[in-house]
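As a plain string of letters, each chain reads:
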2 protein chains.
Amino acid sequence: MVQELLIDIDKAKNIPLNRQIYERIRKAILTGTLHTGDLIPPSRQLAGQLEISRSVVIQAYEQLQAEGYLIMKKGSGTFVADNAVLHLSQSKNELNRMKIDSNLNLIDCSSHETAKKDQFSVKYDFKHGVPAWDVVPMDQWQKSLVRTCRQATPDLLGYGPVEGSYALRKEIARLLRSSRSIPVEPEQIVITTGATQALDILARLFIKPGDQVIAEDPAHSFLHDIFHLSGAKVVPVPVDQQGLRVDQIDKLVMPQEQGTGPAKLAYVTPSHQFPTGVTLSLERRLELLDWAEREGAYIIEDDYDSEYRYVGKKVSALAGLDVSGRIVYVGSFSKILFPALRIGYAVLPHALVQPFLSIKQITDRMTPSVEQEALADFIRNGQYAKHVNQMGKLYAAKRSALVLALEREFGKRIRYYGDQAGLHLLIEINSNVCEEAVAARALHYGVRVYPAGCYFTGFKPDNPTFVLGYSNLCEEQIDVGIRRFAQAEIDCTSREVITA
Amino acid sequence: MVQELLIDIDKAKNIPLNRQIYERIRKAILTGTLHTGDLIPPSRQLAGQLEISRSVVIQAYEQLQAEGYLIMKKGSGTFVADNAVLHLSQSKNELNRMKIDSNLNLIDCSSHETAKKDQFSVKYDFKHGVPAWDVVPMDQWQKSLVRTCRQATPDLLGYGPVEGSYALRKEIARLLRSSRSIPVEPEQIVITTGATQALDILARLFIKPGDQVIAEDPAHSFLHDIFHLSGAKVVPVPVDQQGLRVDQIDKLVMPQEQGTGPAKLAYVTPSHQFPTGVTLSLERRLELLDWAEREGAYIIEDDYDSEYRYVGKKVSALAGLDVSGRIVYVGSFSKILFPALRIGYAVLPHALVQPFLSIKQITDRMTPSVEQEALADFIRNGQYAKHVNQMGKLYAAKRSALVLALEREFGKRIRYYGDQAGLHLLIEINSNVCEEAVAARALHYGVRVYPAGCYFTGFKPDNPTFVLGYSNLCEEQIDVGIRRFAQAEIDCTSREVITA
């Protein structure tokens, strides 16, 4: 169909009109307002509509054609080209194409997020992995920032220490000693640009191409990307109610043949496994440490949301058991303050500090330092503790509301995991509906839920599973959202809707 | 000798006394207050001095022994151990030791900066690569930060786009189009955590182990580190008054034998070569582009201090000549605002944007975003242009003072390069003194100068050369500093002082 193009150009503006038209159409394509195959109005029509010269419109169309956004079919008109939005929405294809073209070092980055425009208005988003936006303490954070800016010295503004602010490392050491039982010195801590950077640096430090990395199954696919980029083969090891099946590692590791290296690294989330939420039992912890010592391997402990625990005693960190320098502990402030802060850290055995720093220096020289000092100030002034405490209560209430609603709607048809801690739980519904279909149907009710099947590599669950985050919904929204989610599941069960 | 240990412990504090003693001694060793071989007071003596139980002191000493900081020699006493400060001051040795230990992926990171304590008080520091600290517009920057914090939305605080803030990319595109003549769209720009990260990502994208990378000789050794980490062999190509000797590339590239890959990448600093300061001539630019097209190679243009030019017309960026998508332009705000900001960017040919983003996402997901928005605000409000303009005048005056002082003190014995732009110049003294000896002697006069011999790989200059930065000295300091520097050179020439 002929797309009606609502283009607003500004004749008073300093930008040439053909440029303005070019920009508007290009943006419309890239944001998904115009789709592949859409017919663009004839130049004459658009010129009339905008009351400008036709040649101006033709110039813009020609530029868009030259860049591959539009295609002219003789006798039919001008259309949005087939691959016009390739580089926004189909990164995988783009990557494959590039691989052929120029032999770059590309990875098939499965989790690369692309901008998706919703066709539904989502009022109940059970997104996980983010803090509650409405209570981010921006006022206090801003005060810490301003205080730091006011006291800024050349030392702070210049190329500072690669390992990061000593003040912040001291505060983190204090927090980890008291709340995670890790006997840590500030000298063992390196500040990184988010926990992600710590993981990437560790991959670059430990992995040689072909080496095997033990990962939990299920796990976030992003992790696989990180290890793949350094050339590792990821060995997914199943997780049960006690956490990683350490006894399975030896069976699953591939024999070292040509091109396959040893398993030198294991990545675990012991306090609240992602996405199942289970806690690694003490027995398994000791088994895992034994394995590492026996194999001369290292363990990465990602403690991504250890701050919030609602039931039972807080579990100590695995790193607290480390006596032989085999564990690197990784944390961040993304779930407590906000992800865009990008302040994470690695706690390293003394012998690994300098090797880690050598790579950290090359990756970005250092993490921005004004924010590091501001964070040290924020912790020192007690704002951090106050905030964590408030959040703990808030999230506990939300969690209860979620569990209550789930039990009411699904009764015995549901099992949930990981409700004792963190900011999400994993549910498994005793049903044979397709989880993607339920999620798609739920969107019709303004509810977004997250199928968890994609996190499993080798051991797909029989039943549909979902990760439900609850940090950003109030109790009432949780209640309504789950009711609608249950309705979506019923819709799919009764086969009225197979795909949305 | 028996070190007199001034340890202040706080008995009222919540920290066990043995821990306090342990901490104090450890710190004294790490900061250099205690040196290898220093005798530690007997436990009985320290216990008496501190009026505490001797067993407490013994506990602390035992812990320090266990960790290798102290060593007990029967009959002689307790000493600071031989390798106690290894991991602070001798990172190279540490690295080598680690290499043997555990087969990690280590690089011999030649530029890893270690904390050095000066024995001289330096009043005249000709440090290069940093902006003038006294005029960093912190008040205005702080206002932009606060404005951004006040308007912060969940979109800003969460995991935002990997490529960075659109507002900032738009401002950068505008700046590059107007001041660097690069026809760039915001969509081609990716914000990175400093220019360093852009270079590392490009190395990871382009280089396979064994590939060759063309680098300027001289160059900063840090660059070699970046390329080495990705497995490249760096091919240093000499620089003359016209910049990189492009005609030498084919002669210097190694034939592709086992393990040696092709030269697929060249790194250049065309507008103000580091450290010589020369500008790549138009002829050479075209030759270099020809080379890249012929070889299917890519060029990284690092425009690290293009903002300041004092003589002649501003030189356009090499990227402005690129018609075949072979140039990646890299810039940062380190020299204009301050290095600790860690905001840099890469300008990529369209086809490379997605591949670059896939790696950027893995390295740190995204660069901190509050600061990106604040920087967009700072540019949009005209503060950036105002600041660059003011700095231009300030640095021009400093540069004149430096050239004047050099001509007065050294007359025709000196040649200088790169005085038309940037924040430093390179000087060559017609003399046979050792540049390290002159630098060491200058310290006696409170002057720090930077020998440049270390930047040359294969083509060492015959004469002593120095990089002199002038951004952080006032005109009077420059004048006095150069007079004293000249005196140091005379001291060394007259052989009164060979080594300081």
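Preceding this section is the structure that the text describes.
Summarised in this report is the structure supplied together with it. (Residues numbered from 1 in each chain as written. Chains lettered and ligands numbered in written order. Predicted model: local features only at pLDDT ≥ 70, side-chain atom pairs only at ≥ 80, totals over all residues. Heavy atoms only, no water.)

## Side note on the overall build of chain A
The line we're drawing: Secondary structure follows DSSP: runs of H or I at least 4 residues long count as helices, runs of E at least 2 residues long count as strands, and numbering of each begins at the N terminus. Contact criterion: two residues are considered in contact whenever any of their non-hydrogen atoms come within 4.5 Å of each other. Only the protein chains shown count as cover for residues, with accessible areas throughout obtained via the Shrake-Rupley method and a probe of 1.4 Å.
When you go through chain A residue by residue, the secondary structure sums to 17 helices and 17 strands. For chain A, restricting intrachain contacts to residue pairs at least 6 apart in sequence, the fraction spanning at least 24 positions comes to 72%. Per element, the accessible surface of chain A, about 20900 Å² overall, is 50% carbon and sulfur.

## Comments concerning the sheet that holds strand 3 (residues 77-80) of chain A
All names here are of chain A. Basically, it comes down to this: Paired strands, in this sense, are two strands between which DSSP finds at least two bridges.
Pairing is antiparallel across the open sheet formed by three strands, whose spatial order is 1-3-2. A single partner strand is all that each edge strand has here, and the edge strands are strand 1 (39-40) and strand 2 (70-73). Here strand 2 pairs with strand 3 via four bridges, running antiparallel. Of the residues in strand 3, the one forming a bridge with Leu 70 is Val 80.

## Concerning the side chain of Arg 284 of chain B
All names here are of chain B. Using the following cut-off: When a residue's accessible area, from a 1.4 Å probe over protein chains only, is under 20% of the maximum for its type it is buried; when over 50% it is exposed; and in between it is partly exposed.
Within the secondary structure, Arg 284 is located in helix 12 (residues 282-295). Taking relative accessible area as the criterion, Arg 284 reaches 8% and is therefore assigned buried. When sequence neighbours within four positions are dropped, the list of residues in contact with Arg 284 reads Asp 240, Gln 242, Gly 243, Leu 244, Arg 245 and Val 246.

## Details of the packing of aromatic side chains
Any aromatic ring pair is given by two values, namely how distant the centres are and how the planes are angled relative to each other. Residue and element names in this part refer to chain A. What counts is decided by this rule: When the centres of two rings from Phe, Tyr and Trp lie within 6.5 Å, Trp using its six-membered ring, the rings pair. Their planes under 30 degrees apart give stacked, over 60 give edge-to-face, and anything left gives tilted.
Scanning the entire structure with this criterion turns up 22 aromatic pairs over all chains. Ring centres 5.6 Å apart and planes at 55° place the aromatic pair Phe 410 and Phe 485 in the tilted group. You can see Phe 410 sitting in helix 15 (residues 383-410) and its partner Phe 485 sitting in helix 17 (residues 475-493), a full 75 residues away along the chain. With respect to burial, Phe 410 and Phe 485 carry one shared label: buried.

## Description of the interface of chain B and chain A
Basically, it comes down to this: Put simply, buried area is the surface a 1.4 Å probe can reach on two separate parts but cannot reach once they are joined, added for both. As a working rule, the residues Ala, Val, Leu, Ile, Met, Phe, Trp, Tyr, Cys and Pro are called nonpolar, Asp, Glu, Lys and Arg charged, and the rest polar, with Gly in that last group.
In this complex, chain B contributes 82 residues to the contact, which on the side of chain A involves 81 residues. Of the roughly 7000 Å² buried between chain B and chain A on both sides combined, carbon and sulfur atoms contribute 59%. Elements represented by at least two residues in the side of chain B that touches chain A include exactly helix 1 (17-30), helix 5 (91-102), helix 6 (138-150), helix 7 (154-157), helix 9 (194-206), helix 10 (221-229), helix 13 (350-364) and helix 14 (369-380) of chain B. Partitioning the side of chain B that touches chain A into residue classes produces 42 nonpolar, 22 polar and 18 charged.

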